[in-house]
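Observations on the model geometry
One-letter residues, chain by chain:
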Amino acid sequence: MWIEWTIAVRFLREGRTQSALIVIGIAVGVAVIVFLTALIMGLQSNIIQRTLGTQAHIKISAPDEVNLRLPSPEETVQLVLETKRAQRLRSINNWQQVRDLLDTLPEVTAVSPVISGPAFARRGEALASVALIGIDSERYRRIIPIQDNIVYGQFRVGADDAVIGNRLATDLGLRVGDKLRLDAGQGRDGVVNVAGIFELGVRDLDARQVYIDLKQAQSLLDLPGAATLIDITVGDIFRAEQVADRLGRLTGLKVESWMETNAQLMNALRSQSLSTQMISGFVALSVALGIASVLSVSVVQRTREIGILRAMGTSRRQMLIVFLIQGALFGLAGSLIGGISGCALVWAFNTFGPRLFFIPVDLLLLLFASALATLTGVISAAIPARSAAGLDPVEAIRHA
Amino acid sequence: MPERDANQEVLRLEGLRKSYNAGQPTEAEVLHGLDFQLGRQDFAALVGTSGSGKSTLLNLIGLLDRPSAGELYLLSEPTTAMDEQRRTALRGSTIGFVFQFHHLIQAFTALENVLMPWMLAHGKPGRAELELGRSLLAEVGLQQFMQRKPDELSGGQQQRVAVARALIMRPALLLADEPTGNLDSKSTAEVFALFRRFNVEFGCAVLLVTHDSRLSEKCDRVVSLEDGRIVSDVFQKASIL
């Protein structure tokens, strides 16, 4: 390999301008791919983080109630006129056991039983419909870090203390320390103190969610000792779907992952990734064509030298390798420069850009891009290399 | 260097034919059955007008092309049926080429060009090969120019580098195609003198294609080719250099 390598390097050095131009071309392509990929990955992880910052990865609830039907006897036709059942607020059976079971699973990082139901919040004449959420604050804060989003007061739930959203506070003119009447219908109501006001940045949540103690919520919603939901977070958010499947089979309950609840978002992210991949693909294709054309020109320019080398005992294989090495070197050099430029672009974006979100650069992405560019170089060199190896030495030497 | 049998046969042609576009209406036979033999000590010129088949014959002898019929023995080995890889290897190890347009590789220095055939066959040159390359360049009078690139040398100097390169593998046969075609008379004399010396010192057969009668007169043997046939094969007392 030594001589093939030496010839390849000398050829590249001799055609310095040509080599430099194509390496710059490759570098630009690789830089675009690295920057674009990092940008989109940063953007997506940012979106996902924001989305998951306000919701559990997996929610478990009691299975929907359905009408039970008598099985029809053999060879009869059953005509069914069915009125769907209303889904009343119900507790998960044996939720304590389910909770304890979930606590033991390694892929599950936090478990929080919740009771959630509708109510009205009233202050004086003002009325707002809210979602009552009864929580065990120690467990719940590991699911959604509300304590980090408190804008007034503190995150304290229990003993008639409630935490409400900023929007609701504005609507009802509430401040920390004020009293709030909660009316869950059918004459069940209670008064709580506003201990803290949070702002999650999601309008709907900030306008509707009222966090109170689990026990208080149970009595307001008339479900003593109940939990209607179990919120769960998992280690690997992209495995939430699989974990949810497993939990569904394990518990026999209704299990939904964030990927299901946010199908639209997932779809958008997938389309975004796809379009990025397409752009990268086309950039890579044009880089490959660039390498191939530069090497093809080089084969024509060096026809006579190739003929001489062949006459001196260079085998076809050796000639092939010489040009494949040139392609690989183009790819490698271009991707190194391009990778560094891509990182510089990312750095510039993080430092001088709009600073809406931070783009991390994955070292693996760089390695992958370099390996891919080198491989692309070898593949695109294949055609010119074959034509170089296929040159008839007699013809080639005669070539003026 | 190892003692070589002075009368050893280097090259033998038996009924060698070559046609182009075989099997087609445009088929044209260029060589019509040549028989010819060359020994170690031979210093022969191959002469003929252009179109006589000289270059075709040279390409066949140099294993750059295959005959349509007949057999070509190189060091008593039949070569026609050999696969391409064997032919390439045999070409590299037994034949030294010198072309009209010196044909050095621009990206390499004079010394590297000389070592190229060896490097192609064996890889990185060791101390012994570097020494051999240097001594060959010294023999052709270029010891000061070893690190120069071809475009920094004159035409005559480049041709002398090409001669040194042809000899690095200690070939049994040196094939020269109009080696002095584009050289002035002084350089021509120098290059020819080198061929002479290497023929004697290295025991390497020389076959020189030329249509310069002043050059062919100085050879021991003159083979004339006309319309694809050998019309005369004359052993002559070479004129004094």
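In this text the structure is predicted, and so the values were computed from the model without any measurement.

What follows covers the overall build of chain A. Looking only at helices and strands, one finds 14 helices and 10 strands in chain A. The proportion of buried residues among the 400 residues of chain A is 39%. Of the contacts made within chain A by residues no fewer than 6 positions apart, 81% connect residues no fewer than 24 positions apart.

Right, let's get into helix α4 (residues 127-139) of chain B. Residues and elements named next belong to chain B. Under the 1.5 Å per step criterion, the end-to-end length of α4 is 18 Å for 13 residues, consistent within 8% with the ideal 18 Å. All of the buried residues along α4 are Gly133, Leu136 and Leu137. Viewed along the axis of α4, the buried residues span an arc of 100°, placing them on a single side of the element. The outward face of α4, more than 90 degrees from its buried face, is lined by the exposed residues Arg127, Ala128, Glu131 and Ser135. Taken together, the buried residues of α4 touch α3 (110-122) and α5 (155-167). Looking at the residues trailing α4, positive phi occurs at glycine 141, about 80°.

This next bit is on the interface of chain A and chain B. Each side of the interface is counted separately: chain A has 20 residues, and chain B has 24 residues. Here the element with the most residues in the side of chain A that touches chain B is helix α1 (residues 2-14) of chain A; it accounts for six residues. In terms of residue class, the side of chain A that touches chain B is built from 10 nonpolar, four polar and six charged.

Attention now goes to the pairing of strand β7 (residues 173-177) of chain B. Every regular strand shows the same layout, with side chains that alternate between the two sheet faces. Residues and elements named next belong to chain B. Most of β7 is tucked away, with five of its five residues classed as buried. Burial along β7 is two-sided: the residues Leu173, Leu175 and Asp177 and Leu174 and Ala176 are all buried. Sheet analysis places strand β6 (residues 95-98) next to β7, joined by four bridges and oriented parallel. Bridging across to β7, isoleucine 95 finds its partner in leucine 173. Relative to strand β8 (residues 205-209), β7 runs parallel, the two being bridged by five bridges. Paired with leucine 173 across the bridge in β8 is alanine 205. With helix α6 (residues 185-201) bridging β7 and the parallel β8, this β-α-β connection has right-handed handedness.

So, on to unusual backbone geometry. Unusually for a residue other than glycine, Asp222(A) sits at a positive phi of about 60°. Its location among the elements puts Asp222(A) in the loop between α7 (214-220) and β9 (229-234). The exposure class of Asp222(A) is partly exposed, given the 14 C-beta atoms found within 10 Å. Phi at Ser76(B) takes a positive value of approximately 65°, unusual for a residue other than glycine. Mapped onto the secondary structure, Ser76(B) falls in the loop between β4 (69-74) and β5 (77-78). Of the residues examined, Ser76(B) has 10 C-beta atoms within 10 Å and is grouped as exposed.

This part covers the sheet that holds strand β10 (residues 229-235) of chain B. Residues and elements named next belong to chain B. Spatial ordering of the open sheet is given by β6-β7-β8-β3-β9-β10, a layout of six strands whose pairing is mixed. What marks the edges here is a single partner per strand, and that holds for β6 and β10. Direction aside, neighbouring strands of the sheet carry axes that sit 15° apart on average. In this structure, strand β3 (residues 43-47) lies alongside β8, joined through four bridges in parallel fashion. If you follow alanine 45 over to β8, its bridge partner there is leucine 208.

Calculation rules
- The numbering scheme is per chain: residues are counted from 1 as the chain's sequence reads.
- A letter from A marks each chain and a number from 1 marks each ligand, given out in the order of writing.
- Only residues with pLDDT of at least 70 get local features here, since the model is predicted, and only at 80 or more are side-chain atom pairs given and counted; chain-wide, interface and lining totals rely on the full set of residues.
- Starting at the N terminus, helices and strands are each numbered in turn, a helix being any DSSP run of H or I of at least four residues and a strand any DSSP run of E of at least two.
- Exposure classification rests on a simple neighbour count of other C-beta atoms within 10 Å of a residue's own: a residue reaching 20 or more is buried, one at 12 or fewer is exposed, and one in between is partly exposed. C-beta atoms are placed from the backbone.
- By the convention adopted here, residues are in contact when the distance between their C-beta atoms, placed from the backbone, does not exceed 7 Å.
- What a helix is expected to span follows from its residue count: subtract one and scale by 1.5 Å.
- The arc in question is the one traced by the directions running from the helix axis out to the C-beta atoms.
- Note on residue categories: nonpolar means Ala, Val, Leu, Ile, Met, Phe, Trp, Tyr, Cys or Pro, charged means Asp, Glu, Lys or Arg, and polar means any other residue, Gly included.
- Two strands pair if DSSP finds at least two bridges between them.
- Crossover handedness is defined here as right-handed if the route from the first strand over the helix to the second strand goes clockwise, with the strands pointing away from the viewer.
- Angles shown run from 0 to 180 degrees and are taken between the N-to-C directions of axes, each axis being a line fitted to C-alpha atoms and, for helices, limited to the stretch in contact.

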